[in-house]
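Architecture at a glance
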Amino acid sequence: MERSVYVDGAFVPASEARVSVFDHGFLYGDGVFEGIRAYAGRVFRLQEHLDRLYTSAKAILLDVPLDRAAMREVVLESCRRNGLGDAYIRLVISRGRGDLGLDPRKCPRATVVCIADAIALYPPELYERGMKIMTVATRRNGVENLNPRIKSLNYLNNILAKLEGIQAGYAEVLMLNDQGYVVECTGDNVFIVRNGRLVTPPAWIGILEGITRGVVMELAREAGLEVREEVFTRMDVWTADECFLTGTAAEAIPVVECDGRPIGTGRPGPITADLIGRLRALCQREGTPIN
Ligand code: PXG
């Protein structure tokens, strides 16, 4: 059955869902988005995703034409109309239709799109065996350029990094900032485990503050682990006891090799496995009901 997509106030068949070629989201990547998941009939951390969406919009002075309650309803209705209890939901707010110039004031109304679809997951073996990653030469945007805390439609920085990975045979890659500190991956946050402590780069260094990252930090603290937000380098990843990535799409996935160096034993570690289990259980039991 064809999907139903929300575009500016109406649900239309996916094949008829369109935005203008004059939309500044298309012309300039001027807009923001969210990637959200639903599990077993409930949308996971919907409020947090909406908070981040409106925060991103605020940072680029983008007026979202719907309030949070209405946006929440768009997300839920997108799942209902498509009969999805497990879903990947993409909310996109672009600057809207304007002229060919950069000036956002020429765009009177933001475009709102919501797509709900089945999710394409990493193969289950990857969670068992763990993934191999590499560091790429493309550095993550600095906070003074395009702050990664803004989940903007301008993802070329990440795509350039992803291309380097693809060309070298890697599904995900590690990105550093201009100073050489580890920040995040192209669509995932990064954690290392050292001496029983969980460490992840702090938000101020220039990362997307992942919703999954926040949840994993909560779960780790509940489990009695010490969690630190600290800067670290590639060397710390190479010599960590364990490493894993978090993101809405990937959930939490073990990393067993970086830049050709096995991490820890070269197999997914026990703390990683425990946190993956806790995260999966939480995703199945909490969230905003779709119906
Ligand atoms: N960092 C970046 C740069 C991201 O884009 C995350 C971290 C994880 O955040 P959440 O809130 O999801 O835990 C993201 C997630 C994909 C894909 O296909 C991933 C993201 C966006 C678009 C596509 O893997 N963002």
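Residues numbered from 1 in each chain as written. Predicted model: local features only at pLDDT ≥ 70, side-chain atom pairs only at ≥ 80, totals over all residues. Heavy atoms only, no water.

**Some details on the site of the ligand**
Around the ligand, the surrounding shell holds 20 residues, and the nearest of these are Y155, E184, I211, T212 and T248. Here a nitrogen atom of the ligand and a side-chain polar atom of K151 are 2.8 Å apart. At 2.6 Å, a side-chain N or O of E184 approaches a nitrogen atom of the ligand. Taking 550 Å² as the accessible area of the ligand by itself, protein coverage stands at 83%. In terms of residue class, the shell around the ligand is built from 5 nonpolar, 9 polar and 6 charged. Summarising the domain contributions, the shell around the ligand has at least three residues from each of domain 1 (4–117) and domain 2 (124–285). (Near = heavy atom within 4 Å. Polar contact = N/O pair within 3.5 Å; in protein donor to acceptor, adjacent residues only side chain to side chain. Areas by Shrake-Rupley, 256 points an atom, 1.4 Å probe, with all protein chains shown as cover. Nonpolar A, V, L, I, M, F, W, Y, C, P; charged D, E, K, R; others polar. Domains from an automatic or database assignment.)

**A look at the side chain of T200**
As for its placement among the helices and strands, T200 is situated in strand β11 (residues 197–200). With a relative accessible area of 1%, T200 lands in the buried category. There is a polar contact of 2.6 Å between the side chain of T200 and the backbone oxygen of V190. Residues within four places of T200 in sequence aside, it is in contact with V190, F191, R213, M217, R228, E229, E230 and F232. (Helix = DSSP H or I, 4+ residues; strand = E, 2+ residues; numbered from the N terminus. Buried < 20%, exposed > 50% of the residue type's maximum accessible area, 1.4 Å probe, protein only. Contact = heavy atoms within 4.5 Å.)

**Brief notes about the domain arrangement of the chain**
Its domain assignment divides the chain into domain 1 (4–117) and domain 2 (124–285). A straight line from the C-alpha centre of domain 1 to that of domain 2 covers 26 Å. Each partner contributes residues to the interface: domain 1 has 26 residues there, and domain 2 has 20 residues. The contact between domain 1 and domain 2 buries some 1900 Å² in all, and 61% of this surface belongs to carbon and sulfur atoms. Contact with domain 2 buries surface across domain 1, with F33, Y39 and R52 losing the most and accounting together for 32% of the total. Taken together, the links from domain 1 to domain 2 amount to 2 salt bridges. Where E218 meets R45, a salt bridge forms, and the shortest distance between an N and an O atom there is 3.1 Å. Across the contact surface, domain 1 and domain 2 share 9 residue pairs in polar contact (both at pLDDT 80 or more). With 8 residues, strand β3 (residues 31–39) is the largest single contributor of residues to the side of domain 1 that touches domain 2. (Buried area = accessible area lost by both parts, 1.4 Å probe. Salt bridge = Lys/Arg side-chain N within 4 Å of Asp/Glu carboxyl O.)

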